Amino acid sequence: MTDTAKVVAVTGASSGIGAATARRLAADGHRLFLGARRTDRLATLTEEITAAGGTAAYRRLDVTDADDVRAFVSAAHERHGRVDVLVNNAGVMPLSPLDALRTDEWDRMIDVNVRGVLHGIAAALPLMRAQGGGHLVTLASVGAYEVSPTAAVYCATKFAVRAISEGLRQESAGTVRVTLVSPGVTESELADGICDPTAREAMKSYRAVALPATAVAEAISYALAQPPHVDVNEIVVRPVVSA
Ligand code: NDP
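To start, this report covers the structure provided alongside it. Just so we're clear, the structure is a prediction, and the values are computed from it rather than from any experiment.

### Some points on the overall build of the protein
Within the protein, the regular secondary structure consists of seven helices and seven strands. Ordered by position from the N terminus, the helices and strands of the protein form the series β-α-β-α-β-α-β-α-β-α-β-α-α-β. For the protein, whose C-alpha radius of gyration is 17 Å, the value lies close to the compact-globule estimate of 18 Å for 243 residues. Judged by the C-alpha coordinates and their principal axes, the protein covers about 50 × 40 × 40 Å.

Written out as structure tokens, the structure reads:
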């Protein structure tokens, strides 16, 4: 391990951006602790990282359960003696028009995308303060900056985590670094959870121009690689779309 190697916990590491981030950060020499509900995926990813010479372990995690998130972060801490970075990545996006009244899906987005992030902060912040520093990285979206049809509630969750991240930055200056990463459409399994037919159809044209998840992983790698006095607060990464 080099002296720039960190202990990094990643939520939602079983697919998409979380899995790409785990691979990239392990290749950078960091020690990874991975969480999600699909432990078969985490086991395979952990084996892959280990076989490539990296360091990774995993634990089942449901970010909607505050106790579970605390146990996840504590497990990373027990294993490595510290947690330098928490990547609050887990998210869901069951888009629909508001008048479809899919209230269960609204609740699920709020529970995973907002409460899940708050649970991560609550679990990691005391540990990071006690060890003298840390870095909280949160996945927002371009939907944290603008609203589009069928995405009102999803965007609301991402506006919310952007606000939370900015508040955390203001209150944590000098102790904890805070980075918000906001991708445009990215290849992943995120859109598979869209059940509403209107939103599903609209998503097809977006997915045609998606970024590879590795591009988002690269942005996170960059934020982590900065020296301790440099805090990268916001990164927006969009696919280039021809005019
Ligand atoms: P994926 O669907 O591929 O990954 C989402 C991850 O979140 C999975 O690993 C899933 O794991 C995990 N997850 C969902 N619910 C829970 C839960 N309750 N507890 C723990 N983990 C959970 O999508 P992406 O990789 O695209 O999404 C990652 C993040 O990036 C999200 O926050 C998303 O909003 C954001 N984002 C994505 C964009 C895109 O276009 N793909 C664009 C902008 C932002 P499991 O089901 O195994 O629990």
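### Quick notes on unusual backbone geometry
Even without a glycine there, the phi angle at Leu101 is positive, about 50°. The topology assignment puts Leu101 in the loop between strand 4 (85-88) and helix 4 (103-131).

### Some words on the site of the ligand
Lining the immediate environment of the ligand, one finds 29 residues, of which Gly12, Gly16, Arg37, Gly91 and Ser188 sit closest. Counting residues per element, the shell around the ligand draws most heavily on helix 1 (residues 16-27), at three residues. Residue classes in the shell around the ligand are distributed as 13 nonpolar, twelve polar and four charged.

### Focus on the pairing of strand 4
Neither face of strand 4 is exposed, since Val85 and Val87 on one face and Leu86 and Asn88 on the opposite face are all buried. Bridge count for strand 1 (residues 7-11) against strand 4 is three bridges, and the pairing is parallel. Its bridge partner lying in strand 4, Val8 is registered against Val85. Pairing between strand 4 and strand 5 (residues 134-139): four bridges, direction parallel. In the strand pairing of strand 5, Val87 is matched with Val137. What joins strand 4 to strand 5 is helix 4, and the crossover it makes is right-handed.

### A few points about the nonpolar core
In this structure, Ala9, Ala22, Leu32, Leu34, Val73 and Ile220 are the most contacted members of the largest nonpolar core, which totals 67 residues. Beyond its immediate chain neighbours, meaning those up to four positions away, Ala9 contacts Phe33, Gly35, Phe72, Val73, Ala76, Val83 and Leu86.

### Re the environment of Val117
For Val117, the position within the fold is in helix 4. In this structure the C-alpha to C-alpha distance between Val117 and Leu136, which are 19 residues apart in sequence, comes to 10.0 Å. Setting aside residues up to four positions removed in sequence, Val117 forms contacts with Asn88, Thr138, Val161 and Ile164.

### Section: the sheet that holds strand 4
One open sheet accounts for seven strands, arranged 3-2-1-4-5-6-7; its pairing is parallel. With partners counted over all chains shown, the strands left at the sheet margins are strand 3 (55-60) and strand 7 (234-237), one partner each. Pairwise comparison of adjacent strand axes, ignoring direction, gives a mean angle of 15° for this sheet. As paired elements, strand 1 and strand 2 (residues 31-36) share five bridges and run parallel to each other. Directly across from Thr11, in strand 2, lies its bridge partner Gly35. Packed onto the sheet, helix 2 (residues 39-51) meets strand 2 and strand 3 and runs at close to 170° relative to strand 3.

Quick notes on the rules
Residues numbered from 1 in each chain as written. Predicted model: local features only at pLDDT ≥ 70, side-chain atom pairs only at ≥ 80, totals over all residues. Helix = DSSP H or I, 4+ residues; strand = E, 2+ residues; numbered from the N terminus. Rg over C-alpha atoms; globule rule 2.2 N^0.38 Å. Near = placed C-beta within 6 Å. Nonpolar A, V, L, I, M, F, W, Y, C, P; charged D, E, K, R; others polar. Buried ≥ 20, exposed ≤ 12 C-beta atoms within 10 Å, placed from the backbone. Pairing = 2+ DSSP bridges. Right-handed = clockwise from strand over helix to strand, strands pointing away. Core = buried A, V, L, I, M, F, W, Y, C linked by C-beta atoms within 7 Å. Contact = placed C-beta atoms within 7 Å. Axes fitted to C-alpha atoms, helices over the stretch in contact; angles between N-to-C directions.

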